[in-house]
Amino acid sequence: MSSYIGRKVKQDVVNSVGLVLIPAKAIIGNEELELIRMHRVDMSMIMWETPVKTVTESCEMRMQMTVKQAKQLFQSIQADRKVPVHQFREEVIPAIQQMADHPNIFELFETVRAKDDYTHEHNIGVGVLSTLIGKWMNLSSTELATLSLAATLHDVGKVKIPIEILNKPGKLTKEEYAMIKQHTIFGYELLRDTVGVGHRVASVAIQHHEREDGRGYPFGLKKDQIDIFSKVVAIADIFHAMSSKRPYHEPMPFYEIIKQMREGTFGEFEPEIISVFLTNITAHLIGNDVLLSDGRRGEVVYINPHDIGSPLIKVGSDFVDLSKERNIQIQSIFA
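Note on numbering: residues in each chain are counted from 1, in written sequence order. Local features in this predicted model are restricted to residues of pLDDT 70 or higher, and side-chain atom pairs are both shown and tallied only at a pLDDT of 80 or more, whereas totals for entire chains, interfaces and linings draw on every residue. Neither water nor hydrogens contribute to the side-chain values; these are computed over all heavy atoms in the structure.

The name given to the protein chain in an unreviewed UniProt entry is HD-GYP domain-containing protein, with Paenibacillus marchantiophytorum as the source organism.

A. Quick peek at the overall build of the protein chain. When helices and strands are tallied, the protein chain shows 13 helices and seven strands. By its C-alpha atoms, the protein chain is 55 × 45 × 35 Å across when sized along the principal axes. A sequence separation of at least 24 residues applies to 60% of the contacts in the protein chain between residues at least 6 apart. The Shrake-Rupley method, run with a 1.4 Å probe, gives the accessible areas here. Residue values count only the displayed protein chains as cover. By element, 51% of the accessible surface of the protein chain is carried by carbon and sulfur atoms, the whole surface being about 16400 Å². For the charge count, each Lys or Arg is scored as positive and each Asp or Glu as negative, with His and the chain ends excluded. Charge positions come from single atoms, namely NZ of Lys, CZ of Arg, CG of Asp or CD of Glu. Taking the average place of the 38 positive charges on the side chains of the protein chain and the average place of its 43 negative ones, the gap between the two points comes to 3 Å. Counting from the N terminus, the helices are DSSP H or I runs at least four residues long and the strands are E runs at least two residues long. Contacts are assigned to residue pairs with any non-hydrogen atoms lying within 4.5 Å of each other.

B. Representation of the nonpolar core within the structure. We call a set of buried Ala, Val, Leu, Ile, Met, Phe, Trp, Tyr and Cys residues a nonpolar core when their side-chain atoms join them within 4.5 Å. Here the term buried applies to any residue with accessible area under 20% of the maximum for its type, exposed to any over 50%, and partly exposed to those in between, with areas from a 1.4 Å probe on protein chains only. Ranked by internal contacts, the top residues of the largest apolar core, which has 75 residues, are M261 and F277. When residues in this core are grouped by element, the largest group, nine residues, is from helix 11 (residues 228–243). Counting twelve residues, the second largest nonpolar core, distinct from the first, contains V9, L21, I22 and I46.

C. Looking closely at the layout of surface pockets. Cavity and pocket criteria rest on a 1 Å grid covering protein atoms alone: a 1.4 Å probe that fits but cannot get out defines a cavity, protein on both sides within 12 Å along at least 5 of 7 lines defines an open pocket, and an atom within 4 Å of a point defines a lining residue. Grid points are joined across faces, edges and corners, and a volume is the space filled by probe spheres set on the points. If you add up the space inside the largest pocket, you get close to 1200 Å³. Together, 43 residues line the largest pocket, and Y118, K158, I180, R246 and Y248 are the ones closest to its centre. Broken down by secondary-structure element, the contributors of at least two residues to the lining of the largest pocket are helix 2 (53–80), helix 5 (118–136), helix 7 (163–166), helix 8 (174–181) and helix 11. In terms of residue count, the dominant contributor to the lining of the largest pocket is helix 5 (five residues). Side-chain classes follow a simple rule in which Ala, Val, Leu, Ile, Met, Phe, Trp, Tyr, Cys and Pro form the nonpolar group, Asp, Glu, Lys and Arg form the charged group, and the remainder, Gly included, forms the polar group. When the residues that make up the lining of the largest pocket are grouped by side-chain class, the tally is 19 nonpolar, 13 polar and eleven charged. In this model, the second largest pocket occupies a volume close to 430 Å³. Lining the second largest pocket are 17 residues, with D42, S44, K135, W136 and N138 positioned closest to its centre. The greatest single-element share of the lining of the second largest pocket, amounting to three residues, is contributed by helix 5. Residues belonging to the lining of the second largest pocket are distributed by class as follows: ten nonpolar, four polar and three charged.

D. View of the packing of helix 4 (residues 105–112) against helix 5. Orientation is described by axes fitted as lines to C-alpha atoms, over the contacting stretch for helices, and by angles from 0 to 180 degrees between their N-to-C directions. With their axes 9 Å apart at the nearest point, helix 4 and helix 5 run at an angle of 155 degrees to one another. Considered as vectors, helix 4 and helix 5 are oriented roughly antiparallel to each other. Here helix 4 contributes I105, L108, F109 and V112 to the contact with helix 5, which in turn contributes E121, G125, V128, L129, L132 and W136. When grouped by side-chain class, the residues that make up the contact of helix 4 with helix 5 number eight nonpolar, one polar and one charged. Each angle is binned into one of four classes, with values under 35 degrees roughly parallel, values over 145 roughly antiparallel, values of 65 to 115 roughly perpendicular, and all other values oblique.

E. Inspection of empty space enclosed by the protein at higher detail. Taken as a whole, this structure holds one cavity of 30 Å³ or more when the rule is applied. Taken as a whole, the largest cavity holds about 40 Å³ of empty space. E210, R211, E212, K231, A234, E268, F269 and E270 are the residues that line the largest cavity. Per-class residue counts for the lining of the largest cavity are two nonpolar, no polar and six charged.

F. Summary view of the pattern of salt bridges. Definition used for salt bridges: Asp or Glu carboxyl oxygen within 4 Å of a side-chain nitrogen of Lys or Arg. On inspection of all chains with the given rule, the structure shows 16 salt bridges. R113 serves as the salt-bridge partner of E110, at 3.0 Å between the closest nitrogen and oxygen. Among the charged side chains, a network of salt bridges with common partners joins E212, K231 and E270.

G. Summary view of the packing of helix 6 (residues 141–152) against helix 11. Two numbers describe how helix 6 lies on helix 11: the axes approach to 10 Å, and their chain directions differ by 55 degrees. The orientation of helix 6 relative to helix 11 falls into the category oblique. Like other packed secondary-structure pairs, helix 6 and helix 11 cross with a definite hand, here right-handed. Of helix 11, the residues touching helix 6 (which contributes E143, T146, L147 and A151) are F229, V232 and V233. Whether a crossing is left-handed or right-handed is set by the direction in which the near helix is turned from the far one by less than a right angle, anticlockwise for left-handed and clockwise for right-handed.

H. Looking closely at unusual backbone geometry. Residue P218 is bonded to the preceding Y217 through a cis peptide linkage, with omega at 10 degrees. Within the secondary structure layout, P218 lies in the loop between helix 10 (199–207) and helix 11. Positive phi outside glycine occurs at K25, with the angle close to 75 degrees. Within the secondary structure, K25 is located in the loop between strand 2 (20–22) and helix 1 (30–38). The class for K25 is partly exposed, based on a relative accessible area of 48%. Even without being a glycine, R40 presents a positive backbone phi close to 55 degrees.

I. Spatial organisation of the side chain of S323. Mapped onto the secondary structure, S323 falls in the loop between strand 6 (318–321) and strand 7 (330–333). Within the structure, the side chain of S323 is placed 2.5 Å from the side chain of D321, a separation counted as a polar contact. Filtering out sequence-adjacent residues up to four positions away, S323 remains in contact with N304, D307 and S310. Polar contacts, as counted here, are pairs of nitrogen or oxygen atoms within 3.5 Å of one another; within protein the pair requires one atom able to donate a hydrogen and one able to accept it, and residues that are adjacent in sequence qualify only if both atoms are side-chain atoms.

If you want it as structure tokens, here you go:
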């Protein structure tokens, strides 16, 4: 919490009943932090003036260091087929949970999306995003720790997939895709046989490609047959994959990611979890500058509760209602 001292709030900070605790443009000190604690205000919902550069830099540095640490651990798994779960818990998971506390989620999304080393950046990105969703779901600290570990290890089975298939820039053959799908089985077997790893962590490895409608793999499980942690990781997995640079595609525009996730383009998600995820993302849009698909830049000023993907945008002295201007979308967000 001390990292917030000295920062300036952009808008009034209010409690759950609308009482103004800290006025807009105020500087945060110890007294203000105490008010925030007492009224249990979610720090991630506070709008800040231009973020302090060192906050972003420290998150980026932590991401780079965590990816490096995790990469070494995954390489050791590849070499001896043993999962160093204690090292993951001691060295990787605390950093993932710290990143998930970042005050600006769009800076966080930019920091964790994969740019150069997709496989290893994806493991950490999904760990962070799953932890963030878990926080929004009000999971207990014990549940959150288990979810963070399961999400970080969800793709551990890929250590048994040939690297040339994982990094293939073109379309996979039917045989190659069948091999890729085996990573869920491989991951489950590795984690099931690891001392100190609970059943739920292994379940996420084998279930994170299952879908509510039974169209996932490897078993075509449906609804209550799928562990809730697997459902969380499935959402984080898809969001991170679509927003990242991969060997065969560039990052998708923000509006396209939200549209495809709402429509279940990549399979049907648990309605309550996808609602928590998308509602929190769009709620954080208010006050942020965005780039529209027609090239204009504006500020999100209102979210329509009946159409959260199409907010009201202030562009100069004009307003653009995306729920009516259907040919215009949010291309990207300025973090």
